[in-house]
Amino acid sequence: MRGMRSLRGSSKAVSIFRPARLSSLRSIFTGCRAVMLPRFGGPEVLELRENVPVPNLNPNEVLVRAKAVSVNPLDCRIRAGYGRSVFQPHLPIIIGRDVIGEVAAVGNSVKSFKVGQEVFGALHPTALRGTYTDYGVLSEEELTEKPASVSHVEASAIPFAALTSWRALKSNARILEGQRVLVFGGGGAVGFAAIQIAVASGCHVTASCVGQTRERILAAGAEQAVDYTTEDIEMVVKGKFDAVLDTIGRPETERIGINFLRKGGNYMTLQGEAASLTDRYGFVVGLPLATSFLAKKKIQYQYSHGVDYWWTYMRADPEGLAEIKRLVGAGKLKIPVEKTFPITEVVAAHEAKEKKEIPARWS
C-alpha cells in the first residue's frame, strides 16, 4: 500500500496482488507492510515495516486486503502498555482492531465469504496480530459483508465500537423497547454507537457529553443530552433508568450511574480491572484478584441497590455484527470520521487521537 491515503488501510499493496484462493496465495504473496509495536511507550515507538510475513490461514480464517482501519482508544492504550501481561511476551506485535476491505483469500472451512467480497469487522481486544497492516487475518465470525451504502472510511469507524456497545446493551443488559438507557460519554465512538443502538431498539436515551457533541447526540435520537462541563447531571436528569453504560468509568460516574438505576437495572462499565490487575500482579495473582474484585462489586450493588454490575468488553458476535450491518445499511448507525492519515503518518494519528483532536482513521 505505498500510496495509502489516510489512516485507514489501502488497496495499494507492497507488490501487485491479485486476490487468490488459499492454495495459490503463498506462491504469489509473501509479505506486506505493517505498523509494528516493538516496545511500549508513546506514539514515537510505532514502526512502519516492509515485508512483514503474512501467516498461513487456519481453516476458519479470512485474509482481508485492508482498505481502511480505525485508530481507537484501545490501540493507544495497548501501545502505552495496557495489557502488557498478554502482549509483552509476543513483542513486536501489530496493533489495531477495526478493518474494512476486500477478501483476498479464505480458509478451507469458510462458507460465508468469497474472494473479492467487501467486508468489515473487528478483532478481539487480545488479538496478537492486529489490523494496522495491508493484509489482516480475521476469523469468519469476526466479519460481515460491508453495507454498500457507506464508504470504506465511514465503515472503518464502526465495528469495534458498535460491537462493544452491542455486548453491553444486548448481551449484558438485554434492553427492551420502552426502557430508559443512560450513556456516560455519549460523544465518544462507543457511547455514540450505544445511543443509536438503544434508539433503534425503541429505548428512551439520555446521554452525558461535552458541548460540541450535544447537537449530534440529539440528532441521533437521544431525548436528553447533558453537557457535564456546564450542567449537574444529578440535578437536570429525572427518573430512573433500566440500563447505564459508563464509557468514562470514574468513581463519580459509577456512583451516579448506580444511583440512577431502578431495581433490576444493569450498570456496565468499560473500565474493568482485569487487565490492569494482571498487568500489575501477573496472571497467577492478578486474574484471581480481578475475579474476586468483580464478584465483590456484584454482591455489593445487588445488596445495596438491587442492580447488576458488569465489566463489559467487545467480543466476536456474528448475530450482533449482522444486526450492526443492518443498522448501518439502513442509515441508523453512523460514527463520524473527521480526518484521515496516510499509514506513513501513524505516529501523528496516535498523537492526534491522544489529544482527542479527531476520531482518526487511515488508508
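If you're wondering where the values come from, they're calculated on a predicted model, not measured in any experiment.

Caption draft 1: The arrangement of the packing of aromatic side chains in detail. A complete count under the given rule lists 4 aromatic pairs for this structure. Between Y267 and Y309, the ring centres sit 5.5 Å apart and the planes meet at 15°, which makes this aromatic pair stacked. With Y267 in strand 13 (residues 261-269) and Y309 in strand 14 (residues 308-311), this residue pair connects regions lying 42 residues apart in the sequence. When the ring centre of F192 is taken as origin, the NZ or CZ atom of R216, which lies over that ring, is 5.1 Å away.

Caption draft 2: Geometry of unusual backbone geometry. Geometrically, the link from L91 to P92 is a cis peptide bond, its omega value of 0° lying close to zero. Structurally, the position occupied by P92 is in the loop between helix 3 (84-87) and strand 4 (93-94). Even without being glycine, N51 reaches a positive phi, approximately 55°. Examined against the element boundaries, N51 turns out to sit in strand 2 (residues 47-53). The residue R174 is not glycine, and still its phi comes out positive at about 50°. Note on placement: R174 falls in the loop between helix 5 (159-172) and strand 9 (180-184). Overall, the relative accessible area of 60% leaves R174 in the exposed class.

Caption draft 3: Just the environment of A104, in detail. Tracing the sequence through the fold places A104 in strand 5 (residues 98-106). In the structure, A104 is positioned 39 residues away from R65 in sequence and 5.9 Å away in space, judged by C-alpha atoms.

Caption draft 4: How the structure looks around helix 10 (residues 274-304). The first and last C-alpha atoms of helix 10 sit only 23 Å apart over 31 residues, clearly below the 45 Å expected at 1.5 Å per residue. Regarding helix 10, the residues found buried are A275, L277, T278, G286, A290, K297 and Y301. Packing partners of the buried residues in helix 10 comprise helix 3, helix 9 (251-260) and strand 14. Phi turns positive, to about 70°, at G306, one or two residues after helix 10.

Caption draft 5: Structural context of the environment of T253. By secondary structure assignment, the location of T253 is in helix 9. Here the alpha-carbon distance between T253 and G185, two residues 68 residues apart in the chain, equals 10.0 Å. Apart from the residues lying within four places of it in its own chain, the contact partners of T253 are F184, D246, I248 and Y267.

Caption draft 6: Looking closely at the sheet that holds strand 4. Judged by pairing direction, the sheet is antiparallel, and its 3 strands sit side by side in the order 2-1-4 without closing on themselves. Both edges of this open sheet fall to strand 2 and strand 4, since each of them pairs with a single strand only. Relative to strand 2, strand 1 (residues 31-37) is paired through 5 bridges, and the arrangement is antiparallel. Counted as the bridge partner of A34 is R49 from strand 2.

The rules behind these values
Residues numbered from 1 in each chain as written. Predicted model: local features only at pLDDT ≥ 70, side-chain atom pairs only at ≥ 80, totals over all residues. Heavy atoms only, no water. Phe/Tyr/Trp six-rings, centres within 6.5 Å; stacked < 30°, edge-to-face > 60°. Helix = DSSP H or I, 4+ residues; strand = E, 2+ residues; numbered from the N terminus. Lys NZ or Arg CZ within 6 Å of the ring centre and 35° of its normal. Buried < 20%, exposed > 50% of the residue type's maximum accessible area, 1.4 Å probe, protein only. Expected span 1.5 Å × (residues − 1). Contact = heavy atoms within 4.5 Å. Pairing = 2+ DSSP bridges.

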